[in-house]
Amino acid sequence: MKPIKQRLLTPGPTVVPERVLEALGKSTLYHRSPKFKEIFLEARKRLKKLFRTEGEVLILTSSGTGAMEAAVTNLFNPGDSAVVVVGGKFGERWKELCETFGVKPIVIEVEWGKSVRLEDIEEALKANSDVKGVLVQICETSTGTIHDVKGIGDLLKNYPDVLLIADGITAYGVYDIPTDEWGIDVGITGSQKALMTPPGLAIISLNEKAQKRLLEVETRSYYFDLKKELKKQQSGQTAYTAGVNLVVALNEALKMIEEEGLENVAKRHERLAQATRAGVRALGLELLSENPANGVTAVLSPKGINGQDIVKIAREKYGITIAGGQEHLKGKIFRLSHMGYVDIFDILTGLEVVEFALYELGYRNFKFGDSVSAAMETYQNL
Ligand SMILES: *Cc1c(COP(=O)(O)O)cnc(C)c1O
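What you see is a predicted model; the values in this text were computed from it and never measured. Position numbers for residues count from 1 along each chain, tracking the sequence in the order it is written. Thresholds applied to this predicted model are a pLDDT of at least 70 for local features of residues and 80 or more for the giving and counting of side-chain atom pairs; totals over whole chains, interfaces and linings are not thresholded and use all residues. Only hydrogens and water are set aside; all other atoms, that is, all heavy atoms of the structure, feed into the side-chain values.

Focus: the overall build of the protein chain
What counts is decided by this rule: Secondary structure is summarised from DSSP: a helix means a run of H or I of at least four residues, a strand means a run of E of at least two, and numbering begins at the N terminus for each. The globule rule used for comparison is 2.2 Å times the number of residues to the exponent 0.38, while the radius of gyration itself is calculated over C-alpha atoms. We call two residues in contact when some of their heavy atoms are within 4.5 Å. Note that accessible areas follow from Shrake-Rupley with a 1.4 Å probe, and for residues the cover is restricted to the protein chains shown. Two residue types count as positive, namely Lys and Arg, and two as negative, namely Asp and Glu; His and chain ends fall outside the count. For the purpose of locating charges, the reference atoms are NZ of Lys, CZ of Arg, CG of Asp and CD of Glu.
Tallying secondary structure elements over the protein chain gives 13 helices and 14 strands in all. The C-alpha atoms of the protein chain give 21 Å as radius of gyration, which agrees with the globular expectation for 382 residues (21 Å, within 12%). In terms of principal-axis extent, the alpha carbons of the protein chain reach across some 60 × 55 × 35 Å. Long-range pairs, those at least 24 residues apart, make up 71% of the contacts in the protein chain between residues at least 6 apart in sequence. Surface summary for the protein chain: the accessible area is close to 16200 Å², and the carbon and sulfur share equals 50%. Within the protein chain, the 50 negative side-chain charges are centred at a point lying 4 Å from the centre of the 48 positive side-chain charges.

Here is the structure:
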């Protein structure tokens, strides 16, 4: 039997609320029109509030990786070195971007599921006096793990030439992140995760220190020329044709976040994350992460059961798309997202489908509903 409904519970793209879809479906505006300019400036203003920054926030037309690439090509000269935290798939992406553009990565390997140790970052900085930046994820989505970016920011107060560049693609809009206060010089996110908008926009913040660096570096990108974008976007324009409909949609999603209140948004994500963790633990399962994130939960598959089979049954039999593991974690974990337009009932549904799949695969040391009642109890008490 084929499922009659499809549900998306992946850590990006995430479900888009109807309000945002309606905004997306409006007639396309001319990107140089006064009307679009007004919306564009409004969206930038809302993003500054979301990032809690006095710096600049730019909207780029690309997936999130575009902003990561823009950071590397606009803020480092060839031959510069950068400390790179590699604790998962997205940390690897920072390393690969550095290698692609002639930046020397000083890699701190972190076991997948663990958080980087601040001592290791300090050691790398002390051993390499020419370091120009630290590249890290706030949340490493592939493992559902938080890195202590605030701690890194504190550490970097003693290193005025080092930029802290934080990929917060599954952190902004999940947590209330005070970009300036934490010393994040460059913060990055994308439209399709906690910002409840379809894929296609990347967002990058630049504080004064980062803007100063921009002027010292000759960019190696034509499309992602941040100096050019900055100048244009300050006046409500973009260098090239903006993703007009996506910007209109993003502006609506940001309005929703504003209406709920960023603090409440963060609290909701925390409650949903805790409910999810309680739910899977009630099935006798363990989390991969020693420091689990509030946007996505990575769960170790029980012995003898391939995580990909859980994902496959969920999708094919029940119409529910959850995520598996990446690279060497493929088959070993599955991931439940609770990021963006998500409430407790989405969480309960996700747990139910995990129960169905586990049961079908022969893992049966639980009663149907065990995870759901644990999740409800936890949620109720928070
Ligand atoms: C999703 C994600 C990205 C960006 O991926 P794109 O597919 O380019 O949007 C980068 N970093 C993290 C941590 C992510 O979760």
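Having seen the model, we can carry on.
Some words on the domain arrangement of the protein chain
To be explicit about the condition: Here the bounds of each domain stem from an automatic or database domain assignment. Buried area, as used here, totals the accessible surface that two parts lose on assembly, with accessibility defined by a 1.4 Å probe and the loss added over both. A pair is scored as a salt bridge if a Lys or Arg side-chain nitrogen falls within 4 Å of a carboxyl oxygen belonging to Asp or Glu. A 3.5 Å cut-off defines polar contacts: any pair of N or O atoms within that distance qualifies, except that in protein one atom must be a possible hydrogen donor and the other a possible acceptor, and neighbouring residues in sequence count only when both atoms are side-chain atoms. Classification convention: Asp, Glu, Lys, Arg as charged; Ala, Val, Leu, Ile, Met, Phe, Trp, Tyr, Cys, Pro as nonpolar; all other residues, Gly among them, as polar.
The domains assigned to the protein chain are domain 1 (7–13 + 262–381) and domain 2 (18–259). With centres defined by C-alpha atoms, the gap from domain 1 to domain 2 works out at 28 Å. Counting the surface lost from both domain 1 and domain 2, the interface buries some 2300 Å², and carbon and sulfur atoms represent 62% of this. Across the contact surface, domain 1 and domain 2 share 1 salt bridge. With its nearest N and O atoms 3.1 Å apart, the salt bridge here joins Glu 327 to Lys 89. Counting across the interface, domain 1 meets domain 2 through 9 residue pairs in polar contact (both at pLDDT 80 or more). Of all the secondary structure elements, the ones that give two or more residues to the side of domain 1 that touches domain 2 are α10 (262–281), β11 (296–300) and β14 (333–337). By residue class, the composition of the side of domain 1 that touches domain 2 is 14 nonpolar, 9 polar and 4 charged.

Quick look at the site of the ligand
Counted only if it meets this: Each residue is tested against the molecule or strand, and it is near if at least one of its non-hydrogen atoms lies within 4 Å.
Close to the ligand lie 14 residues, the nearest being Ser 63, Thr 65, Thr 141, Asp 167 and Lys 193. The side chain of Thr 141 places a nitrogen or oxygen atom 2.5 Å from an oxygen atom of the ligand. Note that a nitrogen atom of the ligand is positioned 2.6 Å from one of the side-chain N or O atoms of Asp 167. Its free accessible area being 380 Å², the ligand has 88% of it covered by the protein chains. Counting residues per element, the shell around the ligand draws most heavily on helix α3 (residues 64–75), at 3 residues. Its residues assigned to classes, the shell around the ligand comprises 4 nonpolar, 7 polar and 3 charged.

A few points about the UniProt feature "modified residue: N6-(pyridoxal phosphate)lysine" (unreviewed entry) in the protein chain
Counted only if it meets this: UniProt positions are given in the numbering used here, feature names are shortened, and annotations may be inferred rather than shown by experiment.
In this numbering, the UniProt entry assigns the feature "modified residue: N6-(pyridoxal phosphate)lysine" (unreviewed entry) to Lys 193. Mapping Lys 193 onto the fold places it in the loop between β9 (186–190) and β10 (201–206). Setting aside residues up to four positions removed in sequence, Lys 193 forms contacts with Pro 11, Gly 12, Thr 14, Ile 169, Thr 170, Met 339 and Gly 340.

Details of the packing of α3 against helix α4 (residues 89–100)
As a reminder, the rule being used: Angles here are taken between N-to-C directions and fall from 0 to 180 degrees, while the axes themselves are lines fitted to C-alpha atoms, restricted in helices to the stretch in contact. Throughout, the term roughly parallel applies to angles under 35 degrees, roughly antiparallel to angles over 145, roughly perpendicular to angles from 65 to 115, and oblique to all others. Crossings are assigned a handedness: left-handed for a near helix turned anticlockwise from the far helix by less than a right angle, right-handed for a clockwise turn.
Packing of α3 against α4 leaves a shortest axis separation of 10 Å and a crossing angle of 40°. Considering the angle they form, α3 stands oblique to α4. Taken as a pair, α3 and α4 cross one another with a handedness that is right-handed. Touching Thr 65, Met 68, Glu 69, Ala 71 and Val 72 of α3 are Phe 90, Arg 93, Trp 94, Leu 97 and Cys 98, all from α4. Along the lines of polarity and charge, the residues of the contact of α3 with α4 split into 7 nonpolar, 1 polar and 2 charged.

A word on the environment of Lys 227
Relative to the assigned elements, Lys 227 resides in helix α8 (residues 226–234). Setting aside residues up to four positions removed in sequence, Lys 227 forms contacts with Asn 74, Leu 214, Leu 215, Val 217 and Thr 219. Among the polar contacts made by the side chain of Lys 227, one reaches the main-chain carbonyl oxygen of Val 217 at a distance of 2.7 Å.

A look at the sheet that holds β10
To keep it simple, the criterion reads: Here, a strand pair is defined by DSSP locating no fewer than two bridges between the strands.
Reading across the sheet, the 7 strands line up as β2-β10-β9-β8-β5-β3-β4 and stay open at both edges, with mixed pairing between neighbours. If you trace the sheet from one side to the other, it starts and ends with β2 (56–61) and β4 (104–109), each paired once. Strand-to-strand twist across the sheet, computed as the mean angle between neighbouring axes with direction ignored, equals 20°. Sitting on the sheet, helix α2 (residues 34–51) is in contact with β2, β9 and β10, with an inclination near 120° to β2. Across the face of the sheet, α4 comes into contact with β3 (81–86), β4, β5 (131–137), β8 (163–167) and β9 while running at roughly 155° to β3.

A few points about the pairing of β9
Note the following rule: Three labels apply to residues, based on accessible area from a 1.4 Å probe with only protein chains included: buried if under 20% of the type maximum, exposed if over 50%, partly exposed otherwise in between.
Counting buried positions over the 5 residues of β9 gives 5, a clear majority of the element. Summarising the sheet, β8 and β9 pair through 3 bridges and their orientation is parallel. Looking at the pairing, Ile 165 lines up with Val 186 of β9. In this structure, β9 lies alongside β10, joined through 5 bridges in antiparallel fashion. What sits directly across from Gly 187, in β10, is Ser 205.

Details of the sheet that holds strand β13 (residues 323–324)
Strand pairing in a sheet takes place through backbone hydrogen bonds and is either antiparallel or parallel in direction. Across the sheet, 3 strands lie side by side as β11-β14-β13; this open sheet has antiparallel pairing. The open sheet has two edge strands with one neighbour each: β11 and β13. As paired elements, β13 and β14 share 2 bridges and run antiparallel to each other. Bridge pairing in β14 places Ala 323 opposite Arg 335.

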